[in-house]
Amino acid sequence: MTSADETPVRVGVFGLLGSGNLGNDGSLEAVLGYLRAEHPKAVVDALCGGPEAVTARFGIPATRLHWNRAEYRTASRASAITAKGLGKLIDVFRTAAWVRRHDVVIVPGMGVLEATLPLRPWGFPYSLFLLCASGRLLRTRVALVSVGAAEIRNRPTRALVRWSARLAAYRSYRDAQSRDAMRAMGVDTARDEVYPDLAFSLPTPQVSTPTGSPGPVCLGVMDFHGGNDDRARAEEIYRRYLDGTIRFVRTLVEEGRPVRLLTGDQCDVSVVAAILDAVDSPLVTAAEPASLADLMKEMAAADTVVAVRYHNLICALKTGTPVLALSYAAKSDALMARMGLAAYCHPAREVDADRLLEQFRDLEKHAAELRQTLAERNRAAARQLAHQFTALTTTLFPATDHTHAHARQESP
């Protein structure tokens, strides 16, 4: 008979993983790296948005997050609306059954406690609440690890997010303002810590040495229409962002600079197509990154980066490449400040090509000293994340509790 000490701990990972967002999958990769290094005997599986993609890439079993496969499609017909309502009920029992099989469930990074992009309360916030409520009822520890948060105005979404955070057994945030936002929404954050984003623990590709002459510029794009509070002017925001970006690219091309277009999510491909159509030049090319590692390789080969998506910024910062942020949320400003580049933020909602070019030229002028600053900040981030992983082990994996889920599953 297997002794209690040898019973493998059962770990679940949860989120919109495998759904085409490179940042989300990078956060999962970081947590799996930690588990494989520190808890190699742990049995790991996922409840996620794209189970087939997660299993294919990471080699772990995965279950679909929603019973209704059309969860994120707009429901207009009566049958589709009925299916969505039924799915919400069925997901209560599916989520609880999945949680019950685990000792620990980890939500790896991501902006799971924010609504900086369009978000409906009955979508992911509802799923997260089911997870955390099930964990509390079934005595399975749920950990929100280096997550992003922001104050939410929509009352149903705010309530679901607040209760999800309250019910979690462990919380840490990727910046101080996330912790402040949860405190403002009524969560006791006295024991919650702030650590860098999990992606800072990923391996860094070899960084090329700048040649001295103007080299390639990486431009990370985004299908950006504002956030929850911008729905009335979403198209206006998108058009201003796209027009300003196109003007910026045209100017670089006129100066003979190669521009490499990068995405961070499958939905960004349409923006790449629009820029390529508007700027017909062999100097403008597009990559098809499939991971944060792919993004980092592209950015390591560039002189400078201009990017919108949060994890595109992280990839540039982690490779030590000077980056200018087209900032769509306070989290981007906080990240840039933390890494010593607070002066290089530009509002994505109000892209001014002339001002953007002015900031870009200043960025390149100070590139050498910025690279030194980023090297120092990256070393500090690595140390902080190592500390977080130690804290996770202490909090989530006490040896005396390894068997509680296993015993629960085998009980009649």
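Residues numbered from 1 in each chain as written. Predicted model: local features only at pLDDT ≥ 70, side-chain atom pairs only at ≥ 80, totals over all residues. Heavy atoms only, no water.

We now examine the nonpolar core. Phe14, Leu113 and Leu128 are the most contacted members of the largest nonpolar core, which has 122 residues in total. Discounting residues that sit within four places of it in the chain, Leu128 has contacts with Phe14, Val107, Val112, Leu113, Leu144 and Ser164. (Core = buried A, V, L, I, M, F, W, Y, C linked by side-chain atoms within 4.5 Å. Buried < 20%, exposed > 50% of the residue type's maximum accessible area, 1.4 Å probe, protein only. Contact = heavy atoms within 4.5 Å.)

Inspection of the secondary structure puts Asp175 in the loop between strand E6 (170-173) and helix H6 (176-184). Buried Asp175, no salt bridge; nearest opposite-charge side chain is Arg174, N-O distance 4.7 Å. Separated by 2.6 Å, the side chains of Asp175 and Ser178 make a polar contact. Setting aside residues up to four positions removed in sequence, Asp175 forms contacts with Val194, Tyr195, Tyr310, Lys331, Ala334 and Arg338. (Helix = DSSP H or I, 4+ residues; strand = E, 2+ residues; numbered from the N terminus. Lys, Arg positive; Asp, Glu negative; His and termini not counted. Salt bridge = Lys/Arg side-chain N within 4 Å of Asp/Glu carboxyl O. Polar contact = N/O pair within 3.5 Å; in protein donor to acceptor, adjacent residues only side chain to side chain.)

Attention now moves to the packing of aromatic side chains. Applying the stated criterion to the full structure yields five aromatic pairs. Ring geometry for Phe224 against Tyr241: centres 6.2 Å apart, planes inclined by 85°, an arrangement best described as edge-to-face. Of the two residues, Phe224 sits in the loop between strand E8 (217-220) and helix H7 (234-254) while Tyr241 sits in helix H7, which places them 17 residues apart along the sequence. For Tyr241, a relative accessible area of 1% puts it in the buried group. Overall, Phe224 belongs to the buried group, its relative accessible area being 0%. Through successive ring pairs, a cluster of aromatic residues spans Phe224, Tyr241 and Tyr328. Sitting over the ring of Trp163, Arg166 keeps its end group 4.9 Å from the ring centre. Geometry around Tyr310 places Arg174 over its ring, the cationic atom sitting 4.2 Å from the centre. (Phe/Tyr/Trp six-rings, centres within 6.5 Å; stacked < 30°, edge-to-face > 60°. Lys NZ or Arg CZ within 6 Å of the ring centre and 35° of its normal.)

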